[in-house]
Amino acid sequence: MKRTGRRRSSVWDCFEQVGNFVRCMKCDATLKYCGGATSSMMNHMSRQHPSTAPLTDEDEKPVICTVQCSEEESPTSSDIMQVAITSPGVSLAATERDFGERKRLKRSSVWDIFIKVDDEVHCTMCDTKLKYRSSTTSMMYHIKNKHPDTMPNDGVSLATHAEVTELISRMIEKDMLPVSVVTGDGFRELLAYTVHNYKMPSTADITRLIEGHFHEKVEELVVQLGRVEKVALTTDFWTALPFQKYISVFCSFITEDWQGRSAVLQTHKLPSDSHCTTESITERLRSTVQTWGIAGKVTACVHNNTQGILPAQASAHVNWEYATCFATTLQLAVSDGLSEDLVRIIVAAGKLVKHFNHSLLASEALEQKQVQMCLPQHKLIQSSKARWDTICDMFERLLEQRWAIKAVLSDRMITHRQEAQTLEIEDDCWQIIENFTPVLATLKWATTVISAETEVSISNIYPITFSLIQTHLVPKENDVEQVSEFKLKVQKSLRNHMEVDSNDLASKPALIASMLDPRHKHLSFLTPTGRLAAKVKLHELVSKLDVITTTVGTKDEQQETLITPDISQVAMPSQMRSDTKNTMMLLLGDNYSSSYATDSEAQVDYYLRDIAPSLDINPLDWWRVNGPRFPKLATLARHYLCVPGVSLPSLLSEAGQTFATMRTRLSPEHVDMMIFVNRNA
């Protein structure tokens, strides 16, 4: 029997084997070579050199051998028959093993360098140990930075692909995009053009990366919270859809180096209004506190709830104080102060602005009048029902463009008489707007100061509140009737909501924070009786702090006892130094000159007598420098100055809108993860 010889795969015409690797003779690319399989080489040829790529890989298919029988062997059979045999030296079992090996090659190539040990991965080249959570990104970074020579040279490296995928997940987290963005045709076309041979990740891949980032940030935050003594909670009630209501829980704290920090802890989905009670909200807060290990560390909880879900009685169920967001309180006060006349003027002004914003002819005419009258070329601002401060913006812009607006409305080539009569604002209404706008601007400035995230804000609440009540909201002689009435109503509303006349005012976290803010410690806005009550409260808090310190730290007491030496153990006078200064220190103790630092009452008195810094200084910077002078008060300052004056409004405006339009299919668990990684970036 004569057999035709078995032909080797034509892919070897383009590759040469070098140990466990094969090198392309056309582009010098190096590929891993495993178990005789040539599929990776075939793929490389089809992608990089399609004009010379072989049509099939004959090494991985049965070879059809032609066998010619002589007449002596088989006179009756056909002269030629075909026999299917496997490649020389390879059994069927080996072929199956090759197939299994090729299947395993689909996993990431980083596993050629890393081995998994429990929940870690170890680099076999440098014995580096990394945490492993179903993602190979950290391993890819390690290989690229520490062992760049081992990266495959097939087009764009795998590490680059991993970086692109990582950046996609970060983009989705930062911009709060839907995970399904990776399935968009335009997005895929863009990446196919910019990253050669990039394999587009699935939504499941991106979700796994986001979950990995979530767990990493959780571990980091747990470590941070373990180092702080006290934190403040902030709750934000917001709505994604009419039937999807959420509560996001934040925490604020001050680090050891006096840096203010805030972070999102959790986002809970709330049941319908009929099942949403004070007890259920309180239980969610307690659950969050227990989950993060901050039980006993919470000073106060600030909320923006306006529906009475968290009344004052809720404080009885927890060991922290509840405080309403100051911006929300001010919004309620403004709403209480608006009379029917003011509301009518606001509606008329909004109608006028809407006309100019929607009419191309009117807007172009307004621009021309602005140029002719040398007015700023600004567009009119439309107010929003959800934000009272936009009323101030709308009125300011209308007053700025008043005469240009009148000129456009008077031009019959642009505005018809009947339409002009409907839109025209009467002169007495313009006078009310002119008188009303400065009052709104003052209230807006107060909100801006309290809402500043980079500064300590809770200590400013009562100084600003009393300033508004005692100065800015007092009616003046030249005020029109509607504005005077507005001032009195807002003043009354602030008194009620902020409880400025309460006998328990000294116990409010915001007032305690004002005393611990060196800018406001004199409390000049209070009566002498109120200042005395606040001082007594501060002494009480320092005394409680002494009790806690005494109970917990007995070792510190022993160390303090050793500061003043026993005179009986001192050497004889003849052996002592003649230096008077050293002798006095030996007799009286090293801490004699700073005894006020260990005497609680004296420390408070000395702090209150100290010169107050200017208003433009950051109180945390002041405490960073002066904390060693007043150690007990510095501890209290960390406890109370971390409380924010407002609940974070960004989620109410951004997250609600984002999740209403793009996150309707996300589970509450993944809503929590997305907000967590976005806000804690």
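None of these values were measured; they are calculated from a predicted model.

Caption draft 1: Inspection of the packing of helix α14 (residues 427-450) against helix α16 (residues 481-498) at higher detail. The interhelical angle for the contact between α14 and α16, taken along N-to-C directions, is 20°, at an axis separation of 9 Å. On the basis of their axis angle, the class for α14 and α16 is roughly parallel. Every residue of α16 that contacts α14 at I432, N435, F436, V439, L440 and L443 is listed here: Q482, V483, F486 and K487. Of the residues belonging to the contact of α14 with α16, the class tally is seven nonpolar, two polar and one charged.

Caption draft 2: Examining the confidence of the model for the protein more closely. Here the protein averages 78 in pLDDT, while 75% of its residues score no lower than 70. Taken as a whole, residues 1-5 scores under 50 in pLDDT and shows 10 contacts with residues more than four places along the chain or in a different chain. Counted against residues more than four places away or in other chains, residues 55-106, with its pLDDT under 50, gives 63 contacts.

Caption draft 3: Inspection of the sheet that holds strand β9 (residues 129-131) at higher detail. With antiparallel pairing, three strands are arranged side by side in an open sheet as β7-β8-β9. The sheet terminates laterally at β7 (114-117) and β9, the two strands that pair on one side only. The sheet shows a mean angle of 30° between the axes of neighbouring strands, direction not considered. Summarising the sheet, strand β8 (residues 120-123) and β9 pair through three bridges and their orientation is antiparallel. Bridge pairing in β9 places V121 opposite L130. Each of β7, β8 and β9 is contacted by helix α3 (residues 137-146), which is oriented at about 150° to β9, the strand it contacts most.

Caption draft 4: Quick look at helix α12 (residues 402-410). With seven of nine residues buried, α12 is to be regarded as a mostly interior element. When we look at burial in α12, the residues that qualify are R402, A404, I405, K406, A407, V408 and L409.

Caption draft 5: Broad picture of the pattern of salt bridges. Overall, the coordinates contain 22 salt bridges when judged by the stated rule. The partner of D389 in a salt bridge is R387, and the shortest N-O contact between them spans 2.8 Å. Of the charged contacts in the structure, one is a salt bridge between R397 and E400, with a shortest N-O distance of 3.6 Å. You can see R397 and its partner E400 sitting in helix α11 (residues 389-400), three residues apart, about one turn around the helix. Among the charged side chains, a network of salt bridges with common partners joins R402, K406, E424 and D427.

Caption draft 6: Up close: the packing of aromatic side chains. Throughout the structure, instances matching the rule amount to 14 aromatic pairs. Geometrically, the ring pair formed by F214 and F676 is edge-to-face, given 5.0 Å between the ring centres and 70° between the ring planes. In this pair, F214 sits in helix α6 (residues 203-227) while F676 sits in helix α25 (residues 668-679), placing the two residues 462 residues apart along the sequence. On the basis of relative accessibility, which here comes to 12%, the residue F214 falls in the buried class. Judged by relative accessible area, F676 falls into the buried class, the value being 0%. Judged by centre distance (6.2 Å) and plane angle (15°), the ring pair of W258 and W623 falls under stacked. One end of the pair, W258, is in the loop between β11 (244-254) and β12 (260-270); the other, W623, is in helix α22 (residues 619-626), and 365 residues separate them in sequence. Assessed through its relative accessible area of 5%, W258 is described here as buried. Judged by relative accessible area, which is 0%, W623 ranks as buried. Taken together, the aromatic side chains of W258, Y606, Y607, W622, W623 and F630 make up a single cluster linked through ring pairs. We note R402 situated over the ring of W403; from NZ or CZ to the ring centre the distance is 4.7 Å.

Reading the values: rules and limits
Residues numbered from 1 in each chain as written. Predicted model: local features only at pLDDT ≥ 70, side-chain atom pairs only at ≥ 80, totals over all residues. Heavy atoms only, no water. Axes fitted to C-alpha atoms, helices over the stretch in contact; angles between N-to-C directions. Helix = DSSP H or I, 4+ residues; strand = E, 2+ residues; numbered from the N terminus. Parallel < 35°, antiparallel > 145°, perpendicular 65-115°, else oblique. Contact = heavy atoms within 4.5 Å. Nonpolar A, V, L, I, M, F, W, Y, C, P; charged D, E, K, R; others polar. pLDDT = per-residue confidence, 0-100. Pairing = 2+ DSSP bridges. Buried < 20%, exposed > 50% of the residue type's maximum accessible area, 1.4 Å probe, protein only. Salt bridge = Lys/Arg side-chain N within 4 Å of Asp/Glu carboxyl O. Phe/Tyr/Trp six-rings, centres within 6.5 Å; stacked < 30°, edge-to-face > 60°. Lys NZ or Arg CZ within 6 Å of the ring centre and 35° of its normal.

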